[in-house]
Amino acid sequence: MAGDASNNLWKAFGYAWAGLRWALARERNLRIHAAAALAVLAAGFLFGLNGLEWAVISLTVFFVLAAELFNTALEQVVDLTVGDRYHPLAKIAKDAAAGAVLLAALNAVIVGCIIFGSRILRMV
């Protein structure tokens, strides 16, 4: 019995990684956000962030990436449901999900300015 639960847990992780790989391979915006996350990671090491700053950066980066994945999932479900037909509610759903990603990305820019702004200004 315990082996079944463990096996199911590994399957669940496998499905999660498969979804992440699928989205990274097919979703340009997720790749852009992932590249920005890597740049922020490099900047964090370059500027020697403290623990609290790393925590805020980590939460911010993962919030943006998660929002983009939710947006992708919603778009796929809407496309599956509506297909090639136009429906105003499908547009609203897609636009609202994209808006959530936009808010997360704007938050990331604000957090980045707060954490990295003064450090960057000192360099110029």
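In this text, all values refer to a predicted model and were calculated from it rather than measured experimentally. (Residues numbered from 1 in each chain as written. Predicted model: local features only at pLDDT ≥ 70, side-chain atom pairs only at ≥ 80, totals over all residues. Heavy atoms only, no water.)

Draft legend 1. Summary view of the side chain of H33. Looking at where H33 falls in the secondary structure, it is placed in helix 2 (residues 28-47). Reaching out from H33, the side chain makes a polar contact with the side chain of E68 at a distance of 3.3 Å. When neighbours within four sequence positions are excluded, H33 is seen to be in contact with V64, L65, E68, V101 and A105. (Helix = DSSP H or I, 4+ residues; strand = E, 2+ residues; numbered from the N terminus. Polar contact = N/O pair within 3.5 Å; in protein donor to acceptor, adjacent residues only side chain to side chain. Contact = heavy atoms within 4.5 Å.)

Draft legend 2. Highlighting the packing of aromatic side chains. For the coordinates displayed, the defined rule picks out three aromatic pairs. Between F45 and W54 the ring centres are 5.1 Å apart and the planes differ by 50°, which places this aromatic pair in the tilted class. Of the residues examined, W54 reaches a relative accessible area of 24% and is grouped as partly exposed. Judged by centre distance (5.8 Å) and plane angle (50°), the ring pair of F47 and F116 falls under tilted. Placement of the pair is F47 in helix 2 and F116 in helix 4 (residues 88-123), with a sequence separation of 69 residues. Exposure remark for F116: the relative accessible area of 8% places this residue in the buried category. (Phe/Tyr/Trp six-rings, centres within 6.5 Å; stacked < 30°, edge-to-face > 60°. Buried < 20%, exposed > 50% of the residue type's maximum accessible area, 1.4 Å probe, protein only.)

Draft legend 3. Layout of the environment of W22. Looking at where W22 falls in the secondary structure, it is placed in helix 1 (residues 2-26). W22 gets classed as partly exposed once you look at its relative accessible area, which sits at 31%. Excluding anything up to four places from it in sequence, W22 contacts E27, T72 and Q76.

Draft legend 4. Broad picture of the packing of helix 3 (residues 51-82) against helix 4. Put simply, helix 3 and helix 4 touch, their axes get as near as 9 Å, and they point 165° apart. Between helix 3 and helix 4, the interaxial angle falls into the category roughly antiparallel. Crossing of helix 3 over helix 4 shows left-handed handedness. Its residues assigned to classes, the contact of helix 3 with helix 4 comprises 19 nonpolar, three polar and six charged. (Axes fitted to C-alpha atoms, helices over the stretch in contact; angles between N-to-C directions. Parallel < 35°, antiparallel > 145°, perpendicular 65-115°, else oblique. Left-handed = near helix turned anticlockwise from the far one by under 90°. Nonpolar A, V, L, I, M, F, W, Y, C, P; charged D, E, K, R; others polar.)

Draft legend 5. Local environment of the packing of helix 2 against helix 3. Where helix 2 contacts helix 3, the axes come no closer than 10 Å and their chain directions differ by 175°. Classed by the angle they form, the pair helix 2 and helix 3 counts as roughly antiparallel. The residues of helix 3 that touch helix 2, namely those facing N29, L30, H33, A34, A37, V40, L41, G44 and F45, are W54, I57, V61, V64, L65, E68 and L69. Class assignment of the residues belonging to the contact of helix 2 with helix 3 gives a composition of 12 nonpolar, three polar and one charged.

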